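# Descriptive analysis of the structure
Below, each chain spelled out in residue letters.
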Amino acid sequence: MNKGTLQDTTIYSKALDEEVQLLIYLPPNYSPLYKYSVLIASDGKDYFQLGRISRVADELYDNQEIENLIIVGVPYKSVKERRSMYHPDGEKQLAYSRFIAQELVPYIDENYPTYQIGMGRALIGDSLAGTISLLTALRYPNTFGKVIMHSPLINEDILEMVENHKEVHAFSLYQVVGNQETAVKTGDGLETDFLTPNRKLHNLLLNKGFSTFYDELEGDHTWKLWQPDIKRSLQNNFSL
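What comes next concerns the included structure.

About the thresholds
- Residues numbered from 1 in each chain as written.
- Predicted model: local features only at pLDDT ≥ 70, side-chain atom pairs only at ≥ 80, totals over all residues.
- Heavy atoms only, no water.
- Phe/Tyr/Trp six-rings, centres within 6.5 Å; stacked < 30°, edge-to-face > 60°.
- Helix = DSSP H or I, 4+ residues; strand = E, 2+ residues; numbered from the N terminus.
- Lys NZ or Arg CZ within 6 Å of the ring centre and 35° of its normal.
- Axes fitted to C-alpha atoms, helices over the stretch in contact; angles between N-to-C directions.
- Parallel < 35°, antiparallel > 145°, perpendicular 65-115°, else oblique.
- Contact = heavy atoms within 4.5 Å.
- Nonpolar A, V, L, I, M, F, W, Y, C, P; charged D, E, K, R; others polar.
- Core = buried A, V, L, I, M, F, W, Y, C linked by side-chain atoms within 4.5 Å.
- Buried < 20%, exposed > 50% of the residue type's maximum accessible area, 1.4 Å probe, protein only.
- Patch = residues over 30% accessible without salt bridge, like charges linked within 9 Å, V, L, I, M, F, W, Y side chains within 5 Å.
- Areas by Shrake-Rupley, 256 points an atom, 1.4 Å probe, with all protein chains shown as cover.
- Salt bridge = Lys/Arg side-chain N within 4 Å of Asp/Glu carboxyl O.
- Lys, Arg positive; Asp, Glu negative; His and termini not counted.
- Charge placed at Lys NZ, Arg CZ, Asp CG, Glu CD.
- Pairing = 2+ DSSP bridges.

### Some points on the packing of aromatic side chains
Considering all chains together, one arrives at 7 aromatic pairs under this definition. A centroid spacing of 4.9 Å and a plane angle of 90° characterise the contact between Tyr47 and Trp223, whose relative ring orientation is edge-to-face. With Tyr47 in helix H1 (residues 44-49) and Trp223 in helix H8 (residues 223-226), this pair connects stretches of sequence that are 176 residues apart. Both rings, one in Tyr174 and one in Phe213, keep their centres 4.7 Å apart while their planes meet at 10°; by these two values the pair is stacked. Placement of the pair is Tyr174 in strand S7 (residues 172-178) and Phe213 in strand S10 (residues 211-217), with a sequence separation of 39 residues. Three or more aromatic residues joined by ring pairs make a cluster, and in this case those are Tyr47, Trp223 and Trp226. A cation over an aromatic ring shows up here: Arg82 above the ring of Tyr76, its NZ or CZ 5.6 Å from the ring centre.

Okay, here's the thing in structure tokens:
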């Protein structure tokens, strides 16, 4: 099986006022002569190390099951900064969304042969990284055409944003959550019900007419739940 390559680089973000690490997966037989869709992963290092997303992509390429795809991982520097950038109440979450849409996307488009249209770009994230992926798509619906969420944190503010969102055909959503995620210990030391709000979000998306995929998996709020779903999430969103 041919394997893709992983580039490790950094870019400076004016929005965040700091250097941001990027992990960029280029598929086997990558060539500037072809066009590529782009998948941007918050919690980027986790998706490569715990989710093994590059290995899954290599396998799908080998079986000719997915289209040409570049995967861009954006790792976080610390748990504290992760919450600041991803949580709906985080002080840097607006700046992080702006970095993804207004700085990272142009950087990728400038340096790689991408489609440069909304349907050629997707966001993926687990837990809070799924939350910020959804928030970013809601804020920049013409920039991103797909959102993949593994057990996102959903609260009333996010449900209200979705309720007020007008461009329901701008992007599609892929959403999974564990059926045991009713008392998840979060970074602030509290126990949070992820399952019920995810069900509320799914019903709201259906009622508003979004294109959406939803499934409840057997398990809790860990990579043991999400990693086996990586293959289906890529097949579902990037199949040939």
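### Focus on the packing of helix H6 (residues 156-164) against helix H7 (residues 195-208)
The description of two packed helices rests on the angle between their axes and on the distance between the axes. Following both chains from N to C, one finds H6 and H7 inclined at 5°, their axes separated by 10 Å at the closest point. Relative to H7, H6 is oriented roughly parallel. Of H7, the residues touching H6 (which contributes Glu156, Leu159, Val162 and Glu163) are Pro197, Lys200, Leu201, Leu204, Leu205 and Lys208. Residues belonging to the contact of H6 with H7 are distributed by class as follows: 6 nonpolar, no polar and 4 charged.

### Describing the nonpolar core
In this structure, Ile40 and Leu104 are the most contacted members of the largest nonpolar core, which totals 50 residues. Once residues within four sequence positions are removed from consideration, Leu104 is found in contact with Ile11, Leu22, Ile40, Val72, Val74 and Phe99. If you look at the next biggest cluster of nonpolar residues, it comprises 26 residues, including Ile53, Val56, Ala57 and Ile148.

### Some points on a negative patch on the surface
A surface patch of negative charge is lined by Asp89, Asp157, Glu160 and Glu163. Tracing the backbone through its elements, the reader meets Asp89 in the loop between helix H3 (79-86) and helix H4 (93-111). A relative accessible area of 58% places Asp89 in the exposed class.

### Let's talk about the sheet that holds S10
Whenever strands of a sheet pair, they do so through backbone hydrogen bonds, lying parallel or antiparallel. If you walk across this open sheet you meet the 8 strands as S1-S2-S4-S3-S5-S6-S7-S10, and the pairing is mixed. In the strand order of this sheet, the two ends are held by strand S1 (5-13) and S10, each with one partner. The mean angle between the axes of side-by-side strands here comes to 15°, regardless of whether they run parallel or antiparallel. Across 7 bridges, S7 lies against S10 in parallel orientation. Bridge pairing in S10 links Val176 to Asp215. On top of the sheet, helix H2 (residues 53-62) reaches strand S2 (18-26), strand S3 (37-42) and strand S4 (69-74); it is set at about 30° to S2, its chief contact.

### Here's the deal with unusual backbone geometry
Here the phi dihedral of Asn29 falls at roughly 60°; this positive angle occurs in a residue that is not glycine. Along the chain, the position of Asn29 falls in the loop between S2 and S3. Positive phi, close to 50°, is recorded for Arg52, a residue that is not glycine. Position of Arg52 among the secondary structure elements: in the loop between H1 and H2.

### Digging into a nonpolar patch on the surface
There is a patch of nonpolar side chains on the surface, built from Tyr115, Ile117 and Met119 and spanning about 310 Å² of accessible area. Residue position: Met119 is located in the loop between H4 and strand S5 (121-126). The exposure class of Met119 is partly exposed, given its relative accessible area of 47%.

### Thoughts on the pattern of salt bridges
For the structure shown, the criterion picks out 10 salt bridges. In this structure, the salt-bridge partner of Glu59 is Lys231, at a minimum N-O distance of 3.2 Å. With a gap of 172 residues between them, Glu59 in helix H2 and Lys231 in helix H9 (residues 230-238) connect regions that are remote in the sequence. The structure contains a network of salt bridges with shared partners spanning Glu18, Lys77, Glu81 and Lys92.

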